[in-house]
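Tertiary structure, described
Now for the letters of each chain:
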Amino acid sequence: AETQFDTEAPGAIEERANQEEKATPKKPVVKSITWIGNETISHRTLRAHILTQSTTFPLFWVAHKFREDDLAGDMDRITALYRLRGYNQAKASYSVAREEGSRTVAIEIRIEEGAPIHTDQVGIRLANGHPISSHPLIEDVAWNDFLESIQLQQGEIFELNDYREARAKILAFVAERGLPEASLVGGAEVDLRLHRAIVDWQLVPGRQIRLGEVRIS
């Protein structure tokens, strides 16, 4: 069998590549992004969470191309960020203005934040229903001071990061007092109609572990 080689001259190959590039329509450049309706989260924070970015003219060598799929996905990224901040019913939409005779587009992103979810109750007790401070390893005063130090508080906006952080801190608090195998069951019930969250945790202490004498030789 004969082996066929591409005998096209390098100059012809380059010319053909240039013609193909010219035939392919170039993606427009994002000239500007205008934000409307975001009162809780700043423009800068929102920009850091989306793929679509505007171009700083005349720096065309770092021009940001317009990709509609990215922009559509950015709406999901924006609402996900709002959910983290306690705005579970936030909505994001966009419109694109294309300038005739220009390769630039102007984008407008409109946000409807909606009402935030507030923490209505925070309940933390032992799995047997008794108060946490009734456990022999947990001091009443220390526990009360600890509860005041966490971000998850009644009446505040229910932010998922605060919720997760509070859970981790509770487990760290009891671990330091000899309960490293403790676990929390339960969680948060969010009522979108009433815009409230009720947190109900039960602590399962697990085994008590004491450290013996530590010697360094």
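Just above sits the structure.
These figures come from a predicted structure and were not determined experimentally. (Residues numbered from 1 in each chain as written. Predicted model: local features only at pLDDT ≥ 70, side-chain atom pairs only at ≥ 80, totals over all residues. Heavy atoms only, no water.)

1. Thoughts on the overall build of the protein
Our working rule: Runs of H or I in DSSP of at least four residues are treated as helices and runs of E of at least two as strands, each being numbered from the N terminus. Relative accessibility decides the category of a residue: with a 1.4 Å probe and only protein chains considered, values under 20% of the type maximum give buried, values over 50% give exposed, and everything between is partly exposed. Residue contacts are counted whenever heavy atoms from the two residues lie within 4.5 Å of one another. Accessible surface area values rest on a Shrake-Rupley calculation with a 1.4 Å probe, where residue burial reflects the displayed protein chains alone.
Of the regular secondary structure elements, the protein holds five helices and six strands. Counted from the first residue to the last, the protein has its helices and strands arranged as α-β-α-α-β-β-β-α-α-β-β. Classification of the 217 residues of the protein by burial places 27% in the buried group. The long-range fraction of contacts in the protein, counting pairs at least 24 apart against all pairs at least 6 apart in sequence, stands at 65%. Entry remark: accessible area of the protein is about 14400 Å², with carbon and sulfur atoms responsible for 49%.

2. Looking at the packing of aromatic side chains
As a reminder, the rule being used: Put simply, two rings from Phe, Tyr or Trp (the six-membered ring, in Trp's case) pair if the centres are within 6.5 Å, and we call them stacked under 30 degrees between planes, edge-to-face over 60, tilted for the rest. The rule is short: NZ of Lys or CZ of Arg within 6 Å of the ring centre and within 35 degrees of the ring normal puts a charge over the ring.
This model, assessed by the stated rule, comprises six aromatic pairs. A connected cluster of aromatic rings, assembled from ring pairs, spans Trp-143, Phe-146 and Phe-173. A cation sits over an aromatic face here: Arg-177 above Phe-173, 3.7 Å from the ring centre.

3. Details of the sheet that holds strand 4 (residues 118–126)
Quick note on the threshold: The rule for pairing is simple: two strands pair if DSSP sees at least two bridges between them. Fitted lines through C-alpha atoms serve as axes, helices being fitted only where they are in contact, and the angles separating the N-to-C directions of these axes extend from 0 to 180 degrees.
In spatial order, the strands read 4-6-5; together these three strands make up an open sheet with mixed pairing. Two strands close off the open sheet at either side, each with one partner strand: strand 4 and strand 5 (183–191). Here the strands of the sheet are splayed against their neighbours by 10 degrees on average, with no regard to which way each runs. Pairing of strand 5 with strand 6 (residues 196–204) involves nine bridges; the strand directions are antiparallel. If you follow Val-185 over to strand 6, its bridge partner there is Gln-202.

4. Details of the nonpolar core
Our working rule: Within this scheme, the nonpolar core is defined by two criteria: the residues are buried Ala, Val, Leu, Ile, Met, Phe, Trp, Tyr or Cys, and they are joined through side-chain atoms within 4.5 Å.
Ranked by internal contacts, the top residues of the largest apolar core, which has 23 residues, are Trp-143, Leu-152 and Trp-201. Among the elements that take part in this core, helix 5 (residues 160–175) stands out by supplying five residues, more than any other. Dropping the residues within four chain positions of it, Leu-152 is found in contact with Thr-119, Val-122, Phe-158, Asp-162, Tyr-163, Ala-166, Val-199 and Trp-201. Counting residues in each nonpolar core, the second largest holds 19 residues, with Ile-33, Ile-78, Leu-81 and Ile-107 among its members.

5. Some points on a positive patch on the surface
Definition in use: For patch building, the residue pool is restricted to those with more than 30% relative accessible area and no salt bridge; the joining distance is 9 Å between like charges and 5 Å between nonpolar side chains (Val, Leu, Ile, Met, Phe, Trp, Tyr). Salt-bridge detection follows one rule: a side-chain nitrogen of Lys or Arg within 4 Å of a carboxyl oxygen of Asp or Glu. In summary, the charge assignment counts Lys and Arg as positive and Asp and Glu as negative, without counting His or the chain termini. For this purpose, a charge sits on NZ of Lys, CZ of Arg, CG of Asp or CD of Glu.
Taken together, Lys-26, Lys-27, Lys-65, Arg-67 and Arg-103 make up a surface patch of like positive charges. Following the sequence through the fold, Arg-103 ends up in the loop between strand 2 (91–98) and strand 3 (104–112). Residue classification places Arg-103 among the partly exposed residues on the basis of a relative accessible area of 41%.

6. So, the environment of Pro-28
Mapped onto the secondary structure, Pro-28 falls in the loop between helix 1 (10–23) and strand 1 (29–36). For Pro-28, a relative accessible area of 22% translates into the label partly exposed. Between the C-alpha atoms of Pro-28 and Arg-103, which are 75 residues apart in sequence, the distance is 4.6 Å. What Pro-28 contacts, discounting residues up to four positions off in sequence, is His-64, Lys-65, Phe-66, Arg-103 and Val-105.

7. What to know about the side chain of Glu-113
Put simply, the rule reads: The term polar contact refers here to a pair of N or O atoms within 3.5 Å; inside protein, the definition further demands a hydrogen-donor-capable atom paired with an acceptor-capable atom, and it admits residues adjacent in sequence only when both atoms are side-chain atoms.
Structurally, Glu-113 can be placed in the loop between strand 3 and strand 4. In this structure Glu-113 is buried but unpaired, with Arg-85 as the nearest side chain of opposite charge at 8.7 Å. Only 2.8 Å separates the side chain of Glu-113 from the backbone nitrogen of Thr-40, close enough to count as a polar contact. For Glu-113, the side chain forms a polar contact with the side chain of Tyr-82, separated by 2.8 Å. Not counting residues up to four positions away in its chain, the partners in contact with Glu-113 are Gly-37, Asn-38, Glu-39, Thr-40, Ile-41, Tyr-82, Tyr-87, Gln-89 and Ala-90.

8. Focus: the pattern of salt bridges
Think of it this way: side chains of opposite charge can pair up when their charged atoms draw near. Counted by the stated rule, this structure contains eight salt bridges. One salt bridge connects Glu-68 with Arg-98, and the closest N-O pair in it is separated by 3.6 Å. Here Arg-98 lies in strand 2 and Glu-68 lies in helix 3 (residues 68–84), a separation of 30 residues in the sequence. For Glu-68, a relative accessible area of 35% gives the class partly exposed. A salt bridge links Arg-125 to Asp-200; its shortest N-O distance comes to 2.5 Å. Taken together, the residues span a long stretch of sequence, with Arg-125 in strand 4 and Asp-200 in strand 6 at a distance of 75 residues.

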